[in-house]
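Close look at the chain arrangement
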Amino acid sequence: METFTHYKINETEHGIEIVLYMNENTTEFSAELGSISNVQESSLKNEAISFIKRKLPSLKIKTVKVMAGGILFSVLGIGALPADKASAAKKTSTPSHTASLSYTVSAGDTLYSIAQLYGTTVNAIKEANHLTSDLLQVGQTLSIPSGGIPMAIPTHNTYQVVSGDTLYSIAQRHGTSVDTIKKVNQLSTDVLSIGQTLTIPYGNTSSPTQATTTYQVVSGDTLYSIAQRHGTSVDGIKKNNQLTSDILSIGQTLTIPSGVASSPPQASTTTYQVVSGDTLYSIAQRNGTSVDGIKKANQLSSDILSIGQTLTIPSGGTASPAPAAEATYQVAPGDTLYSIANRNGTSVDAIKRANNLSSNLLEVGQELAIPSSSSKAPAKKSIASKQQSAYNQEDVEWLAKMIYSEARGESLQGQIAVGAVIMNRVKSPLFPNTVKDVLFEKSNGYYQFTPAETGVINTATPNAQHIEAAKRAISGEDPTNGALFFYNPDKTSSSYLRSRTVSTTIGNHVFAF
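What counts and what doesn't
- Residues numbered from 1 in each chain as written.
- Predicted model: local features only at pLDDT ≥ 70, side-chain atom pairs only at ≥ 80, totals over all residues.
- Heavy atoms only, no water.
- Helix = DSSP H or I, 4+ residues; strand = E, 2+ residues; numbered from the N terminus.
- Contact = heavy atoms within 4.5 Å.
- Phe/Tyr/Trp six-rings, centres within 6.5 Å; stacked < 30°, edge-to-face > 60°.
- Buried < 20%, exposed > 50% of the residue type's maximum accessible area, 1.4 Å probe, protein only.
- Lys NZ or Arg CZ within 6 Å of the ring centre and 35° of its normal.
- Core = buried A, V, L, I, M, F, W, Y, C linked by side-chain atoms within 4.5 Å.
- pLDDT = per-residue confidence, 0-100.

1. A look at the overall build of the protein
- When helices and strands are tallied, the protein shows 18 helices and 19 strands.
- Nonlocal contacts in the protein, meaning residues at least 24 apart in sequence, comprise 63% of its contacts between residues at least 6 apart.

2. Points about the packing of aromatic side chains
- Scanning the model with the defined rule gives five aromatic pairs in all.
- Here Phe449 and Phe486 contribute two aromatic rings whose centre-to-centre distance is 6.1 Å and whose plane-to-plane angle is 20°, an arrangement assigned as stacked. Of this pair, Phe449 sits in the loop between β16 (446-447) and α16 (450-454) while Phe486 sits in strand β17 (residues 485-487), placing them 37 residues apart in sequence. For the pair Phe449 and Phe486, one class covers both residues: buried.
- What links up through ring pairs into an aromatic cluster is the set Phe431, Phe485 and Tyr496.
- In this arrangement the basic side chain of Arg425 is found over the ring face of Phe485, its NZ or CZ atom lying 4.9 Å from the centre.

3. Points about the nonpolar core
- Counting 30 residues, the largest nonpolar core has Leu399, Met402, Ile422, Val435, Leu439, Phe486 and Phe511 as its most contacted members.
- At the level of elements, α13 (383-407), α14 (412-427), α15 (435-439) and α17 (464-474) are the ones that each hand at least two residues to this core.
- Not counting residues up to four positions away in its chain, the partners in contact with Leu399 are Gly419, Ile422, Met423, Val435, Ala470, Ala473 and Ile474.

4. Some details on the confidence of the model for the protein
- Of all residues in the protein, 75% attain a pLDDT of 70 or more, and the chain-wide mean is 74.
- Throughout residues 147-155 the model reports pLDDT below 50, and contacts reaching past four residues in sequence, or to other chains, amount to 20 contacts.

5. Observations regarding the environment of Thr104
- In this structure, Thr104 sits in strand β5 (residues 101-104).
- Separated by 39 residues in sequence, Thr104 and Ser143 have C-alpha atoms that sit 9.0 Å apart.
- With residues near it in sequence (within four places) discarded, Thr104 still touches Asp109, Gly139, Gln140 and Thr141.

Following this line, the structure appears as structure tokens:
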């Protein structure tokens, strides 16, 4: 059985890094996750070198990381070249100017993708072509250093199906599509069997090349504001640029999908006068910028604002006036922000911003300002949002079952928090990308959640509150501040869970990163 199922190539400032993903059915290296002896490490290193020589024979590799499930298992220092290639390099010294070949840039190309294709580096290509930035133009001719031919990349790999796998999750993990896997394996349905062997093609050749443009990040930019400006989505930009987080750097060059021409960022600023109920967050959202961008532009050291204060708004258009509240609502017994928002056609965040609320707690008789958008008919949903609604229905049911199984004795906030951990895992590149796959994920043969292991989740009978908690977690409500783990300290003996950085404690559960 193959020790590693797939791999990922990263270019770092220290050289090429390969991330190898261990087969979940391979357990001989460690009885307990995180422990590895010198003998086992040597064996693992030999397995890694053998795998790399077979899959990436021409690539110069500095470091190899081994992942077990979503956890970094080991880091192996391999060196810039395998030993047999290093000795050959010493014997055949070449003149300082090596032979090169030329390459014509096509839509979707980046310096990184071209460097990967030819087994060289971004810096080498930039030096060979006297480039001062990462910007490329379609039709541009590049000189490729080192005189080699494109790396011989295998056309396919094999993968053995494990519990919890879907065609979608396998396709995402290998950078291909469900249709391509089905065609290559002559599958007529999406049903898979545990232990089934699939042929996985490298890259999705069935989809047409997507037109792209490039954009350089400026102060105040966020992925959301860039996506809005170019008529695309945050996910689209992240996938196109292989980003694993929403963090951007000033001067960073992004490839923007869908062929929308980049509108130049507005260097000019505008001003805005603070009114009652304003927060830095609401002002930033309204002006397509970020809290940090406003704080830097105004040299603010805290988030406190004064009514009448004039702020400089960076990198956006003219500030839109604060939405006026058209209606008020008096809180009745049993009301929640979620139920009030649903009833008035608005969102929990909009009501909290309009009333300057810092929590979801309400008091009977409390008067709330309902934002003006609530009195209007909701905008027609796009196809994407309709698909999201349909997609969420099954998620709501599974998430509500999990909340019932793990947190039925907790407060509503505690139940939302458990649901939020599942949704944070769905969004994280370290875990599967569907609710059901997260709930039934196995790492080294063990389920991540006890209700999935015992089967209790399958017979769970959630009530209306559990369903509400699930919907609110799916909508993005997160009392845990991004936690990926939760546990009951009175019931767990896991030293691994207890070693995680604690985010917050709600009821009987500790939430951690």
